[in-house]
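# Examining the three-dimensional arrangement
Next come the chains, spelled out residue by residue.
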Amino acid sequence: MRQDHLITATQLSRADIEAVLDRARTIDESRSAFTQRYSGSVLALCFFEPSTRTKMSFETAAKRLGADTIDMGSIESSSVKKGESLADTARVIEGYADAIVLRHPSEGSAKMASEFVDVPVINAGDGAGQHPSQTLLDLYTIRERHGLDDLTIGIMGDLKYGRTVHSLSAALTNFDVRQHFISPESLRLPRSVRFDLHEAGAQVREHTDLEAVLSELDVLYVTRIQRERFPDENEYRTVAGEYRIDEETLSTARDDLTIMHPLPRVDEIAPTIDETDHARYFEQAHNGVPVRMALLDILLGGED
């Protein structure tokens, strides 16, 4: 891994991923050994879009490592409201913090910001682009249950605008995984993402019907239809609620099927699924803390 920034999942090799996940497991098993490791360090949280899990888990991760956090706050209360550019914002915050976690609605924003600063920048979501730290915790969740080779994984929902999907599918090309993508025609993977997956040698299949592949899946990764990404409200209404998981849906699923979701969910997964052995999405969210602790430990420590 580059020592300075984490911008996209495509920069991660298998060795990089395993290094982060191994560190996360060590931390998860002995968090007390990492307490105060980065006392005196400061992590800047710069979120230009709403966030619960990503923001709070990064803040928790930093504090469990002994670091402090500073928060840019809402756009309305910041200099962005006055017209300050992202480049200037990043340059200013670089002087206050040892690393920056950035979420922004514009694809490519994290890469651009990283070109203006010398402290590590972690992409916490850039529009419909990438979300690599989410991918690392997704992979950690999968590995703890199934390992990361000889798997069949279904990814369902908003594949066009879903940055978690774009990141996860790219990272999975490092492993022996068969990928099935299930979505309405209007929300298929972008052509550029499909091209990159084929170039990486990924085993990719696309479907409009979950039932056609459900019995083959070890993991089903569900995403919500992202209303905020749609340029046309009518387009959103056409597909909203089209894909939903309930107990009847899972009648042909394997007993050990793992169901994941990056959250928040709207109505893609019925609450009755929460009590089944399939549900792993809350565990997945909790895994954000040790994984992001591991990521910060590697980046702040300047390790390869």
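For the structure, see preceding data.
Described below are features of the structure shown in this document. Bear in mind the structure is a predicted one, so any value in this text is a computation, not a measurement. (Residues numbered from 1 in each chain as written. Predicted model: local features only at pLDDT ≥ 70, side-chain atom pairs only at ≥ 80, totals over all residues. Heavy atoms only, no water.)

## Let's talk about the overall build of the protein
A count of helices and strands for the protein gives 10 helices and 9 strands. Taking 19 Å as the expected radius of gyration for a compact globule of 304 residues, we find that the protein reaches 19 Å, a close match to that expectation. Each principal axis of the C-alpha distribution contributes one length, and for the protein these read about 55 × 45 × 40 Å. Residues counted as buried form 54% of the 304 residues belonging to the protein. Within the protein, contacts between residues separated by at least 24 positions form 74% of all contacts whose residues are at least 6 apart in sequence. Here the protein contributes 33 positively and 52 negatively charged side chains, and the mean placements of these two sets differ by 3 Å. (Helix = DSSP H or I, 4+ residues; strand = E, 2+ residues; numbered from the N terminus. Rg over C-alpha atoms; globule rule 2.2 N^0.38 Å. Buried < 20%, exposed > 50% of the residue type's maximum accessible area, 1.4 Å probe, protein only. Contact = heavy atoms within 4.5 Å. Lys, Arg positive; Asp, Glu negative; His and termini not counted. Charge placed at Lys NZ, Arg CZ, Asp CG, Glu CD.)

## Digging into the pattern of salt bridges
Under the definition given, this model contains 18 salt bridges. Across the pair D22 and R143 runs a salt bridge, and its minimum N-O distance is 3.0 Å. Taken together, the residues D22 in helix 1 (residues 14-29) and R143 in helix 5 (residues 132-146) connect sequence positions 121 residues apart. Note on D22: relative accessible area 41%, which makes it partly exposed. Given the relative accessible area of 16%, R143 is considered buried. One salt bridge connects R178 with D150, and the closest N-O pair in it is separated by 3.4 Å. Of this pair, R178 sits in strand 6 (residues 177-182) while D150 is found in the loop between helix 5 and strand 5 (151-156), placing the two residues 28 residues apart along the sequence. Each of R14, E18 and D149 takes part in salt bridges that share partners, so that together they form one network. (Salt bridge = Lys/Arg side-chain N within 4 Å of Asp/Glu carboxyl O.)

## Overview of the pairing of strand 3 (residues 99-104)
Here strand 3 lies mainly inside the structure; 6 of its 6 residues are buried. Direction of pairing for strand 1 (residues 42-47) relative to strand 3: parallel, over a ladder of 5 bridges. Across the sheet, residue L45 finds its bridge partner in strand 3, namely V101. After leaving strand 3, the chain enters helix 4 (residues 109-114) and then returns to the sheet as strand 4 (residues 121-126), a path that is right-handed. (Pairing = 2+ DSSP bridges. Right-handed = clockwise from strand over helix to strand, strands pointing away.)

## Quick word on a nonpolar patch on the surface
There is a patch of nonpolar side chains on the surface, built from I70, V92 and Y96 and spanning about 270 Å² of accessible area. Among the secondary structure elements, I70 is positioned in strand 2 (residues 68-71). A residue is classified by how much of its surface remains accessible, and I70, at 33% relative accessible area, is partly exposed. (Patch = residues over 30% accessible without salt bridge, like charges linked within 9 Å, V, L, I, M, F, W, Y side chains within 5 Å. Areas by Shrake-Rupley, 256 points an atom, 1.4 Å probe, with all protein chains shown as cover.)

## Quick word on empty space enclosed by the protein
The full count for this structure, using the stated rule, is 2 cavities of 30 Å³ or more. Its boundaries defined by the atoms lining it, the largest cavity holds a volume of some 70 Å³. If you trace the largest cavity, you find it lined by C46, F48, L86, T89, A90, I93, I100, L102, A113 and V121. Residue contributions to the lining of the largest cavity peak at 4 residues, all from helix 3 (residues 86-94). Across the lining of the largest cavity, the residue classes break down as 9 nonpolar, 1 polar and no charged. Considering only enclosed or pocket space, the second largest cavity measures out at about 40 Å³ in volume. Lining the second largest cavity are Y38, L43, A62, L65, A67, A99, L296 and L300. Split into classes, the residues belonging to the lining of the second largest cavity amount to 8 nonpolar, no polar and no charged. (1 Å grid on protein atoms, 1.4 Å probe; cavity = no way out; pocket = protein on both sides within 12 Å on 5 of 7 lines; lining within 4 Å. Points joined across faces, edges and corners; volume = space filled by probe spheres on them. Nonpolar A, V, L, I, M, F, W, Y, C, P; charged D, E, K, R; others polar.)

Honestly, it's all geometry; don't read function into it.
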